[in-house]
Amino acid sequence: MEEMITIYEPDNSLRKGYLSIFGQIFTELKQNRWLTYQLFKRDFLSAYKQSLLGVLWAIILPLVSIAIFIVLNRSGILNIGDIGVPYSIYALLGIAFWQFFSNGLVACSNSLVNAGPMILKINFSKKSLVIAAAAKAIVPFAIQIAMVCILFVGYGRTPSIMGFLIPIFLIPLVLFTLGLGFFTSLLNGVVRDIGNIISILLMFLMFFTPVLYAKPKIGFLVTVTKYNPLYYLVSAPRDLILKGSISEWQGFLIVCLIAVILFFVCLFGFHLTETRVAERI
Amino acid sequence: MGKDTVISVEHVSKKYCKSLKRSMLYGAMDIGRNILGLSSKSDRLRKDEFWALNDVSFEVRKGETLGIIGPNGSGKTTLLKLLNGIFWPDKGKITIRGRVGALIELGAGFHPLLTGRENIYINAAILGMGKEEVDKQFDEIVKFADIGDFIDTPVKFYSSGMFVRLGFAVAMYSRPDILLVDEVLAVGDVQFQMKCFSRLKEFRERGNTIIIVTHDMGTIQKHTEKVILLERGLLSCIDIPRNALNQYLSLMSGGIRANQVMSKLRWGTENDSERVKTTKPPSNNTQEDLCPRRFNYNIFEFRYGSGYARIIDFQIVNNRGEEVTSVRSSEVILFRVKVKAYKFVEKPILGISVKTKDGIEIYGNNTLYADIDVPPLKEGKQLLVEYRIHFNLQSGDYFLSAGVAEMTPEGISPLDRRYDLVHITVLPSDKSFGLVNLATDIKVYTK
């Protein structure tokens, strides 16, 4: 067997040059696939073990939000806008994509802090920890998509055939979530306020993003929506399922590029500092 | 780095921050610098920072077992964490050859709600094992952990013994080349500890390296070949176990470092490394200290104390009154110790202890425990104390230590402690085995 030599010294990574670090990162990710899966399994199994309704909670909470929006709409407080499909399908799809992002980001931010004692006792890849945390968001997402399918049948409608391309259109959303997640997990490791700040920000952001309502045509929300990357990330896959095409290609492509860059920059930064953060956990 | 060196630690330092708020600030600054590709300037201290480890250097060769001892807070665990790569050194360089496994806490990473089976897989993955490796060794892990039917029970219902057994089993089967062990074996019961140590022995016999952090002197004696003594982040000595332990004991019971006391009394100024090997009697006192003239005198004795009263002579005599260097097993010997006071000592305490050549303390006693009144000792006066010892020990080499201390309102203050002062050999008298000779009469009755 090849002898493995490890060297620890201050600013270790810097000495090796930036290019070789990318190689290192990807070998590490590849080697730790099984670890990532095991960490995901651990989070998944433990989250639902001591609960009666288990994964069903993933569907109960969105249904409550949708019900609130329906009531607000009927009473005239809020105008959902023209959407052309049954509202519950539109809203649930929106929530599925939105929560894929928000659940993922919250889980990532807390991943290092929650694993604190473990990080201080065993040396393992912290990237796996963040990725496994993001992967937790897949479970409620899958259930919500299943619920959407049931709604389609219930309303006697058929989704667009282009809907099968969804996995590809999710990639930018995944990269965006992971990129931000790497960054916030580091910050949260050092300053615990970050976790709370993120929860509050996400709540605001959800109301400023056309998840439960259609894209506004008047008012300041038009400008907000235009520069909100999450609008494109959520509405593009939703449009694809409902209409079979994406209404704002240009915006979506730019956001895709942003997501890819964000992911690589944050992954790189995470790699350089993951051990430093262990000291502050 | 030599050919068979597996761990090389060169001038390694690690700093910590005392203030949590500042630690947050520094953390954010360090991370910022690291991301921007700037040097983290970790070699200097900022406000509220201190060196938890300071300029530590040593090497460990393949197959060696190294012990790390030191009082609480001396940096033992930090050193292990640096060796394991959990923390980065702030100065210096650590080079490691081979896969490192760490037993810093048994069952770290176990999730209480998950079953033993699930946790084995997860923990193994965290420790760096692949799926095939775990599949192959799963049965052995379960067998070693001895948890039987509980394998499919959530680990939160495990007894603490079962929990650590499972943790140990998984860690041992992750097949590292170098194993770091941090005080974890103390948690299990005796049977489990024996099992662990025999497992560690096998591990070592396969040519692997072990580093043990412990407060248990017996473990150090029995299982290590070389010991590092850390004291407030500094490496205060690297030596064979017996010498390092002596220094540690003096550190713990004296509270003050022996060389500080000695320099105060101007007993010569040997540097640390020499002091560990041998403490030469002070030159101006050679005429008074007759111990080195005795045949049984051990030149590697370790001596410390304030020196206000000193042991100036000793004698080992058998029950026929002859001065001897060896005794027969289960014979009675008289150990006579002469003490001279250099200052008025109001409540003297006199004591002895017997150690094996590995440094394991077999027996100790003193006038305080034995409830014997020792009269106050005036300056310049001498005192003779005679210990009558039943030497019920197996054949081998033993060391006798003698000491004189004073009872003060603040506690016991050591005046002169001479560890391993006398070397004595026990000759076999009858056939038996074990550490002591319990002189058993065996009778067999037939019906």
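Residues numbered from 1 in each chain as written. Chains lettered and ligands numbered in written order. Predicted model: local features only at pLDDT ≥ 70, side-chain atom pairs only at ≥ 80, totals over all residues.

J.: How should I be thinking about the overall build of chain B in this particular structure?
T.: Within chain B, the secondary structure is distributed over 10 helices and 18 strands. Seen along its three principal axes, the alpha-carbon backbone of chain B occupies a region of about 80 × 70 × 45 Å. Residues counted as buried form 43% of the 447 residues belonging to chain B. (Helix = DSSP H or I, 4+ residues; strand = E, 2+ residues; numbered from the N terminus. Buried ≥ 20, exposed ≤ 12 C-beta atoms within 10 Å, placed from the backbone.)

J.: Before we go on, may I ask you to explain the overall build of chain A in this structure?
T.: Along chain A, the regular secondary structure elements total 13 helices and one strand. Ordering the α and β elements of chain A from the N terminus gives β-α-α-α-α-α-α-α-α-α-α-α-α-α. Taken over C-alpha atoms, the radius of gyration comes to 21 Å for chain A, in line with the 19 Å a tight globule of 281 residues would show. By its C-alpha atoms, chain A is 65 × 45 × 35 Å across when sized along the principal axes. The buried share of chain A, taken over its 281 residues, is 41%. Relative to all contacts within chain A whose residues are 6 or more apart in sequence, the contacts with residues 24 or more apart total 79%. (Rg over C-alpha atoms; globule rule 2.2 N^0.38 Å. Contact = placed C-beta atoms within 7 Å.)

J.: Explain the nonpolar core to me, please; I cannot follow it from the model alone.
T.: If you look at soluble globular proteins, the nonpolar side chains tend to sit buried side by side. Formed by 148 residues in total, the largest nonpolar core has its most connected members in Leu83(B), Leu103(B), Leu180(B) and Val181(B). The element best represented in this core is helix H5 (residues 87-114) of chain A, accounting for 16 residues. Every residue in contact with Leu83(B), bar those within four places of it in the chain, is listed here: Ile7(B), Ile94(B), Ile96(B), Val100(B), Leu180(B) and Ile211(B). Ranked by size, the runner-up nonpolar core spans 31 residues in total, among them Phe314(B), Val339(B), Leu377(B) and Leu415(B). (Core = buried A, V, L, I, M, F, W, Y, C linked by C-beta atoms within 7 Å.)

J.: Is there a simple way to explain the sheet that holds strand E6 (residues 178-182) of chain B in this structure?
T.: Backbone hydrogen bonds are what pair the strands of a sheet, in a parallel or an antiparallel way. All names here are of chain B. One open sheet accounts for six strands, arranged E5-E6-E7-E3-E8-E9; its pairing is mixed. Of all the strands in the sheet, the pair left with one neighbour each is strand E5 (100-103) and strand E9 (234-239). Between one strand axis and the next, the sheet turns through 15° on average, direction left out of account. Relative to E6, helix H2 (residues 76-84) is tilted by about 155°, and along the sheet it contacts strand E3 (65-69), E5, E6, strand E7 (209-213) and strand E8 (226-231). (Pairing = 2+ DSSP bridges. Axes fitted to C-alpha atoms, helices over the stretch in contact; angles between N-to-C directions.)

J.: How should the sheet that holds strand E13 (residues 331-341) of chain B be read in this particular structure?
T.: Residues and elements named next belong to chain B. Taken together, three strands build an open sheet; the order of strands is E11-E13-E16 and the sheet is antiparallel. The strands lining the two open edges of the sheet, one partner per strand, are strand E11 (309-318) and strand E16 (382-391). When strand polarity is set aside, the average angle formed by the axes of neighbouring strands in this sheet is 20°.

J.: Looking at this structure, I do not really get the environment of Ser39(B). What am I missing?
T.: Tracing the backbone through its elements, the reader meets Ser39(B) in the loop between helix H1 (20-36) and strand E2 (49-61). Along the primary structure Ser39(B) and Ser395(B) are separated by 356 residues, whereas in three dimensions their C-alpha atoms are 61 Å apart.

J.: Even after reading the chapter, I still don't get the interface of chain B and chain A, so can you show me in this structure?
T.: Put simply, an interface is often sized by how much accessible area is lost when its parts join up. At the interface, 46 residues of chain B touch 39 residues of chain A. Of all the elements in the fold, those that place two or more residues in the side of chain B that touches chain A are H1, H2, strand E4 (91-97) and helix H3 (116-126) of chain B. Considering every element that reaches the side of chain B that touches chain A, the biggest residue donor is H1(B), with eight residues. Broken down by class, the residue content of the side of chain B that touches chain A amounts to 21 nonpolar, 16 polar and nine charged. When strand E1 (residues 5-8) of chain A meets E4(B), the two strands line up antiparallel, connected through four bridges. Bridge pairing in E4(B) links Thr6(A) to Ile96(B). (Nonpolar A, V, L, I, M, F, W, Y, C, P; charged D, E, K, R; others polar.)

J.: Hey, could you run me through unusual backbone geometry in this one?
T.: Glycine aside, negative phi is the norm for most residues, and most peptide bonds take the trans geometry. Residue and element names in this part refer to chain B. A positive phi is found at Asp55, a non-glycine position, where the angle reads about 55°. Among the structural elements, Asp55 can be located in strand E2. If you check the backbone angles, Arg232 has positive phi at about 45° while not being a glycine. Its place among the elements puts Arg232 in the loop between E8 and E9.

J.: Looking at this model, I keep getting lost on helix H9 (residues 166-190) of chain A. Mind explaining?
T.: Every α-helix carries 3.6 residues per turn, so stepping three or four residues along brings you back to the same face. Residue and element names in this part refer to chain A. Its 25 residues place the ends of H9 36 Å apart at the C-alpha level, agreeing with the 36 Å of an ideal helix rising 1.5 Å per residue. Largest kink in H9: about 25°, centred on Pro172. Judged by how many residues are buried, H9 sits mostly within the fold: 20 of 25 residues are covered. (Expected span 1.5 Å × (residues − 1). Bend = angle between axes of the 7 residues up to and from the residue.)

J.: Explanation requested: the environment of Leu20(B) in the structure shown.
T.: Residue and element names in this part refer to chain B. Looking at the secondary structure, you find Leu20 in helix H1. Here Leu20 falls in the exposed class, since 9 other C-beta atoms lie within 10 Å of it. Along the backbone, Leu20 and Pro375 are 355 residues apart, and their C-alpha atoms lie at a distance of 54 Å.

J.: Help me understand the pairing of E4(B), please; the structure alone is not making it clear to me.
T.: Sheet faces and side chains relate simply in a regular strand, where the side chains alternate between the two faces. Across five bridges, strand E1 (residues 5-17) of chain B lies against E4(B) in antiparallel orientation. The residue of E4(B) that forms the bridge with Glu10(B) is Lys93(B).

J.: I'm lost on the packing of H5(A) against H9(A) in this one. Help?
T.: All names here are of chain A. Close contact between H5 and H9 brings their axes to 7 Å; oriented N to C, the two are set at 30°. Between H5 and H9, the interaxial angle falls into the category roughly parallel. For H5 against H9, the interelement crossing comes out right-handed. Residues Phe97, Phe100, Phe101, Gly104, Leu105, Cys108, Ser109, Asn110, Ser111, Leu112 and Val113 of H5 lie in contact with H9, whose contacting residues are Leu173, Thr177, Leu180, Gly181, Thr184, Ser185, Asn188 and Gly189. Of the residues contributing to the contact of H5 with H9, the split by class is nine nonpolar, 10 polar and no charged. (Parallel < 35°, antiparallel > 145°, perpendicular 65-115°, else oblique. Left-handed = near helix turned anticlockwise from the far one by under 90°.)

J.: How should the confidence of the model for chain B be read in this particular structure?
T.: Predicted coordinates in regions of low pLDDT should not be interpreted in detail. All names here are of chain B. Here chain B averages 84 in pLDDT, while 91% of its residues score no lower than 70. Predicted confidence for residues 255-284 stays below pLDDT 50, and this span has 32 contacts to residues more than four positions away or in other chains. Across the whole predicted complex the pTM is 0.75, and at the interface the ipTM reaches 0.86. (pLDDT = per-residue confidence, 0-100.)

J.: What's the story with H1(B) in this structure? I'm lost.
T.: For H1(B), which comprises 17 residues, the first-to-last C-alpha distance of 24 Å matches the rise-based estimate of 24 Å (1.5 Å per residue) to within 8%. Tyr26(B), Gly27(B), Asp30(B), Ile31(B) and Asn34(B) are the residues of H1(B) that are buried. Angular distribution of buried residues about the axis of H1(B) spans 135°; they occupy a single face of the element. Projecting away from the buried face of H1(B) at angles above 90 degrees are the exposed residues Lys21(B) and Leu36(B). The inward-facing, buried residues of H1(B) abut H9 and helix H13 (249-278) of chain A together with E1 of chain B. Following H1(B) by one or two positions, Gly37(B) adopts a phi angle in the positive range, close to 80°. (Arc of directions from axis to C-beta.)

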